[in-house]
Amino acid sequence: MIVVKDLHKSFGKSEVLKGIDVTIKKGEVVVVIGPSGSGKSTFLRCLNLLETPTSGNISVNEQDITAKKVNIDKVREKMGMVFQQFNLFPHKNVSQNICHAPIKVKGLKAPEAKSLAIELLKKVGLLEKVEAYPSSLSGGQQQRIAIARALAMKPEVMLFDEPTSALDPEMVGEVLAVMKGLAKEGMTMVVVTHEMGFAKEVGDRILFIDQGKILEENNPKEFFGNPKHPRTIDFLSKVL
Amino acid sequence: MNFSFLGTYYQFFITGIYITIILALIAVVLGSILGVALTLLRRSKYKVVKLIGDIYVEFIRGTPLLAQIYIIYIGVPALFSGMDIPDLAVGAIALSLNAAAYISETIRSGIEAVSKGQMEAARSLGMSQRTAMFDIIMPQAFKNILPALGNQFIGSIKDSSIVSVIGVAELMYETTIVRGNTALGLEPILVASLGYLVLTFTLSRLLGIVERRLKTSDRR
């Protein structure tokens, strides 16, 4: 579903991604781990072109999205993204946060969007917050709303950029639970995270990125039980 | 202190305030519209367009309003020879063009204060640059800049006094006439100042109400 070929990204003189090749299949949960500054977030942000790759190709459903005349807004409709800092719209309430894009981008009628919002809020367990403003919600609640907002566009793939890193420890669980639920429903997911427990339990495949390259990739059992690359072994010994 | 002249001359002040209100109103409304347009120019992806906007703002910020008023007063009729533009219009245009530059600066700072993540979140949901700008960024920016915008509007009311130099019969101009006729130095100025104070105070109260409204929509 997503094919990345020889992806490079530089910021000025520093090369953050040095040739990434990866294929993500439909329904797969790919977990990307690696030390800070390794380029894993940049890799994720390249997938929906929040960062423009310096060179290389990314194709989604066999469409090359790095080509010049691609309508990137159309591509992004199919790719939900969840950010570390939630990025809910503070001037809109929960319902408006969820409904705005489906109405404005997809042309849904307001009542349709509203019932979609209610259905999604049930799913993330926050139905009672439908009229609340983001500033009155906890971090964990905001992140669950952000997930619901992304799902409202009915994406084919969900990208998670360290979704639990800005949360108090006791709120991490509620967000991971929502993500687990999504994985069970067969959503294609790419998750950048430091939650090794989640990677082990939910991931179909683990990518270990360091210094802008994928150093090792494997299924969780092999990856955590029998890491091969010296950097992977070193990293896992520090985080586990 | 002798305010007995008011009995004879109050009409001068009424007329003056009326013209001042018109000038300030035009400067604020037209200045805001032009200010938004100018902001869009300065955010254009075309370098030349952006440069024109930047030069304009630098010029207005870097030269005195008095000079700008003279430039328009003398320059515009010279440019469109034969056209008879009323002084009031010249004054209003000069004030609007001046206000636009400052308002544009204020809007720019407001847009830049909205976190980058807001634009990214909007775009990642498939919104176009334009939709994201108008629906997500601008409303937040507007709330951020409302106090600064209020200062700018109050500034426009006070700046309008300067167009008296080209003979626009606003409050300051009328005050000068009263001073000449009555040979009183201080008292007419005090009356005029009170007039300005009433206008600016009313405006800041109105803006305060708008500000509170926007705040309450934030939290429930």
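For the structure given in this document, a descriptive report is provided here. As the structure is a computational prediction, the values presented were derived from the model and not from experiment.

Each value, and the rule that gives it
- Residues numbered from 1 in each chain as written.
- Chains lettered and ligands numbered in written order.
- Predicted model: local features only at pLDDT ≥ 70, side-chain atom pairs only at ≥ 80, totals over all residues.
- Heavy atoms only, no water.
- Helix = DSSP H or I, 4+ residues; strand = E, 2+ residues; numbered from the N terminus.
- Buried < 20%, exposed > 50% of the residue type's maximum accessible area, 1.4 Å probe, protein only.
- Contact = heavy atoms within 4.5 Å.
- Areas by Shrake-Rupley, 256 points an atom, 1.4 Å probe, with all protein chains shown as cover.
- Lys, Arg positive; Asp, Glu negative; His and termini not counted.
- Charge placed at Lys NZ, Arg CZ, Asp CG, Glu CD.
- Salt bridge = Lys/Arg side-chain N within 4 Å of Asp/Glu carboxyl O.
- Polar contact = N/O pair within 3.5 Å; in protein donor to acceptor, adjacent residues only side chain to side chain.
- Core = buried A, V, L, I, M, F, W, Y, C linked by side-chain atoms within 4.5 Å.
- Phe/Tyr/Trp six-rings, centres within 6.5 Å; stacked < 30°, edge-to-face > 60°.
- Lys NZ or Arg CZ within 6 Å of the ring centre and 35° of its normal.
- 1 Å grid on protein atoms, 1.4 Å probe; cavity = no way out; pocket = protein on both sides within 12 Å on 5 of 7 lines; lining within 4 Å.
- Points joined across faces, edges and corners; volume = space filled by probe spheres on them.
- Nonpolar A, V, L, I, M, F, W, Y, C, P; charged D, E, K, R; others polar.
- Pairing = 2+ DSSP bridges.
- Axes fitted to C-alpha atoms, helices over the stretch in contact; angles between N-to-C directions.

Side note on the overall build of chain B
Here comes step 1: From N to C terminus, chain B includes eight helices and zero strands.
Here comes step 2: Reading chain B from its N terminus to its C terminus gives the helix and strand order α-α-α-α-α-α-α-α.
Here comes step 3: The principal-axis extents of the C-alpha atoms in chain B amount to approximately 70 × 50 × 25 Å.
Here comes step 4: When the 220 residues of chain B are sorted by exposure, 43% land in the buried category.
Here comes step 5: Restricting to contacts in chain B with at least 6 residues of sequence separation, those with at least 24 account for 76%.
Here comes step 6: Of the roughly 11800 Å² of accessible surface on chain B, a fraction of 67% belongs to carbon and sulfur atoms.
Here comes step 7: Both charge centroids of chain B, one from 19 positive and one from 14 negative side chains, sit 12 Å from each other.

Quick word on the side chain of Glu170 of chain B
All names here are of chain B.
Here comes step 1: Secondary-structure assignment places Glu170 in the loop between helix 6 (129–159) and helix 7 (171–182).
Here comes step 2: For the buried Glu170, no salt bridge exists, and the shortest N-O distance to an oppositely charged side chain is 12 Å, to Arg179.
Here comes step 3: Here the side chain of Glu170 touches Met172 through a polar contact of 3.1 Å, landing on its backbone nitrogen.
Here comes step 4: At a separation of 2.9 Å, a polar atom in the side chain of Glu170 contacts the main-chain amide nitrogen of Tyr173.

Let's talk about the nonpolar core
Here comes step 1: With 69 residues, the main nonpolar core has Ile2, Val4, Phe43 and Leu47 of chain A as its most contacted residues.
Here comes step 2: Considering each element in turn, this core owes the most residues, eleven residues, to helix 6 of chain B.
Here comes step 3: Once you skip the residues sitting within four places of it in the chain, Ile2 of chain A turns out to touch Val22, Thr23, Ile24, Leu47, Ile58, Ser59, Val60, Met79 and Val157 of chain A.
Here comes step 4: By size, the runner-up hydrophobic cluster in this structure holds 50 residues, among which are Val124, Ile145, Met187 and Leu236 of chain A.

Re the pattern of salt bridges
Between side chains of opposite charge, pairing is possible as soon as their charged atoms come close.
All names here are of chain A.
Here comes step 1: Enumeration over the complete set of coordinates arrives at 24 salt bridges over all chains.
Here comes step 2: Here Arg205 and Glu217 are joined by a salt bridge, their closest N and O atoms 2.6 Å apart. In this pair, Arg205 is assigned in strand 9 (residues 205–210) and Glu217 in strand 10 (residues 213–218), connecting sequence segments twelve residues apart.
Here comes step 3: On the basis of relative accessibility, which here comes to 13%, the residue Arg205 falls in the buried class.
Here comes step 4: Since its relative accessible area comes to 36%, Glu217 is described here as partly exposed.

Digging into the packing of aromatic side chains
Here comes step 1: Tallied over the full model, the rule gives five aromatic pairs over all chains.
Here comes step 2: Centre to centre, the rings of Phe208 of chain A and Phe235 of chain A are 5.1 Å apart; their planes meet at 50°, and the pair counts as tilted. In this pair, Phe208 of chain A sits in strand 9 while Phe235 of chain A sits in helix 9 (residues 230–239), placing the two residues 27 residues apart along the sequence. Phe235 of chain A carries the same exposure label as Phe208 of chain A, and that label is buried.
Here comes step 3: Through successive ring pairs, a cluster of aromatic residues spans Phe3, Phe5 and Phe13 of chain B.
Here comes step 4: The positively charged end of Arg149 of chain A is found above the aromatic ring belonging to Phe89 of chain A, 4.4 Å away from the centroid.
Here comes step 5: A cation over an aromatic ring shows up here: Lys200 of chain A above the ring of Phe224 of chain A, its NZ or CZ 5.3 Å from the ring centre.

Notes on the layout of surface pockets
Residue and element names in this part refer to chain B.
Here comes step 1: Within this model, the largest pocket holds a volume of roughly 680 Å³.
Here comes step 2: Along the wall of the largest pocket there are 15 residues; nearest its centre are Leu40, Arg43, Gln129, Arg130 and Met133.
Here comes step 3: When contributions to the lining of the largest pocket are tallied by element, the ones reaching two or more residues are helix 5 (116–124) and helix 6.
Here comes step 4: A per-element tally of the lining of the largest pocket places helix 6 first, with five residues.
Here comes step 5: Residue composition of the lining of the largest pocket, grouped by class: eight nonpolar, three polar and four charged.
Here comes step 6: Volume-wise, the second largest pocket comes out at about 310 Å³.
Here comes step 7: What lines the second largest pocket is a set of 15 residues, among which Ser32, Phe142, Ile145, Leu149 and Phe153 lie closest to the centre.
Here comes step 8: At the level of elements, helix 1 (6–42), helix 4 (87–113), helix 6 and helix 8 (187–216) are the ones that each hand at least two residues to the lining of the second largest pocket.
Here comes step 9: Top contributing element to the lining of the second largest pocket by residue count: helix 6, with seven residues.

Let's talk about the sheet that holds strand 7 (residues 157–161) of chain A
Residues and elements named next belong to chain A.
Here comes step 1: With mixed pairing, the six strands of this open sheet are ordered in space as 6-7-8-3-9-10. Looking at strand neighbours, the two that pair on one side only are strand 6 (79–82) and strand 10, the edges of this open sheet. Adjacent strand axes in the sheet meet at a mean angle of 20° when their direction is disregarded.
Here comes step 2: Sheet topology note: the strand 7/strand 8 (residues 188–192) ladder contains five bridges and is parallel. Looking at the pairing, Leu159 lines up with Val190 of strand 8.
Here comes step 3: The sheet strands contacting helix 9 are strand 3 (29–33), strand 9 and strand 10, and the helix crosses strand 9 at an angle near 100°.

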